[in-house]
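# Descriptive structure summary
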Amino acid sequence: IDGWLDEIYPAVTHEYYHAVNYPDDGAAPTLLDVLVAEGSADSFTARIYPDFVPQWTTALSRSEQATVWPLMKAELHSTDPATVDRLLFGDGDTVPRQAGYTIGFEIVQSWLKRHPGLPPSEWARFSPQAILDGSGYDPSRSATGGDQTL
């Protein structure tokens, strides 16, 4: 596979962030936990490899995010693995492929924009709910249709 070496370091960085910061308290993660965990890992990777833009972080347009976000909001506290997987990975029907990765990245990027200079070592000290609440993420508010990422 051509280009695999260009992706191995960002992939290891993403997974390193999970290994260091993913809670292992035995509780089933909620959809919100997973969205913020994936968005944080991708945001950490973006800080280290700013030229690497994984397709899953930009898989949805702002308009598609505005359509899917209400479905996700209704299930943010679900721990049902099938529900979490459907909304994270997409279902090929009502939820586009990689939807949760894009939205999780957008949530964390919006939060980071409001907390400039906060080092990655501090990100995990905030709960997923605090990150969502402090992000101001609302894809339906985009008047220009542009993304609001860093």
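All values reported here derive from a predicted model rather than from experimental measurement. Starting from 1, residues in each chain are numbered consecutively following that chain's sequence as written. Owing to the predicted nature of the model, reporting of local features is limited to residues with pLDDT of at least 70; listing and counting of side-chain atom pairs is limited to 80 or more, with chain, interface and lining totals taken over all residues. Working from all heavy atoms in the structure, the side-chain values ignore hydrogens and water.

### Some remarks on the overall build of the protein
Here a strand is any run of E in DSSP of at least two residues, a helix any run of H or I of at least four, and the numbering for each starts at the N terminus. Broken down by element type, the protein carries seven helices and zero strands. Counted from the first residue to the last, the protein has its helices and strands arranged as α-α-α-α-α-α-α. When we talk radius of gyration, it's over C-alpha atoms, and the globule rule is simply 2.2 Å times the number of residues to the 0.38. The C-alpha atoms of the protein give a radius of gyration of 15 Å, which matches the 15 Å a tight globule of 150 residues would have. Projecting the C-alpha coordinates of the protein onto the three principal axes gives extents of approximately 35 × 35 × 35 Å. Relative accessibility thresholds used throughout: buried, under 20% of the residue-type maximum; exposed, over 50%; partly exposed, between the two (1.4 Å probe, protein chains only). Taking all 150 residues of the protein together, 39% fall into the buried category. The criterion used for residue contact is that any of the two residues' heavy atoms lie within 4.5 Å. Long-range pairs, those at least 24 residues apart, make up 74% of the contacts in the protein with a sequence separation of at least 6. Note on areas: Shrake-Rupley, 1.4 Å probe, and residue coverage restricted to the protein chains presented here. Of the roughly 8,200 Å² of accessible surface on the protein, 54% is carried by carbon and sulfur atoms. Considering the protein, the positive charge centre built from 9 side chains and the negative charge centre built from 21 side chains are found 10 Å apart. Charged residues are defined narrowly, with Lys and Arg counted positive, Asp and Glu counted negative, and His plus the chain ends left uncounted. A single reference atom marks each charge: NZ on Lys, CZ on Arg, CG on Asp, CD on Glu.

### Side note on the confidence of the model for the protein
The pLDDT value expresses, per residue, how confident the predictor is, ranging between 0 and 100. Looking at the protein as a whole, its pLDDT mean stands at 88, while 91% of the residues score no less than 70. When pLDDT is averaged over each helix and strand of the protein, the minimum, 83, is found for helix 1 (residues 4-21) and the maximum, 97, for helix 7 (residues 128-135). Between residues 143-150, whose pLDDT stays under 50, and residues either more than four places distant or in other chains, the model counts 17 contacts.

### Some details on the side chain of His14
Mapped onto the secondary structure, His14 falls in helix 1. Given a relative accessible area of 8%, His14 falls into the buried group. Here a polar contact is recorded for every N or O atom pair within 3.5 Å, except that within protein the pair must consist of a potential hydrogen donor and a potential acceptor, and residues adjacent in sequence are included only if both atoms are side-chain atoms. A polar side-chain atom of His14 sits 3.0 Å from a polar atom in the side chain of Glu38. Excluding its chain neighbours within four sequence positions, the residues that come into contact with His14 are Glu38, Ala41, Asp42 and Thr45.

### What to know about the packing of helix 2 (residues 31-48) against helix 7
Geometry of a packed helix pair, given as the angle between the helix axes and the separation of the axes. Two elements in contact, helix 2 and helix 7, have axes whose closest approach is 9 Å; the angle formed by their N-to-C orientations is 70°. As summarised for this structure, helix 2 and helix 7 are arranged roughly perpendicular, according to the angle between their axes. Residues Leu32, Asp33 and Val36 of helix 2 form the contact with helix 7, whose own contacting residues are Pro128, Gln129, Ile131 and Leu132. By residue class, the composition of the contact of helix 2 with helix 7 is five nonpolar, one polar and one charged. All axes are obtained by fitting lines to C-alpha atoms, using only the stretch in contact for helices, and the reported angles, taken between N-to-C directions, cover 0 to 180 degrees. The labels follow the angle: roughly parallel below 35 degrees, roughly antiparallel above 145, roughly perpendicular from 65 to 115, and oblique for the rest. Here the nonpolar group is Ala, Val, Leu, Ile, Met, Phe, Trp, Tyr, Cys and Pro; Asp, Glu, Lys and Arg are the charged ones; every other residue, Gly included, is treated as polar.

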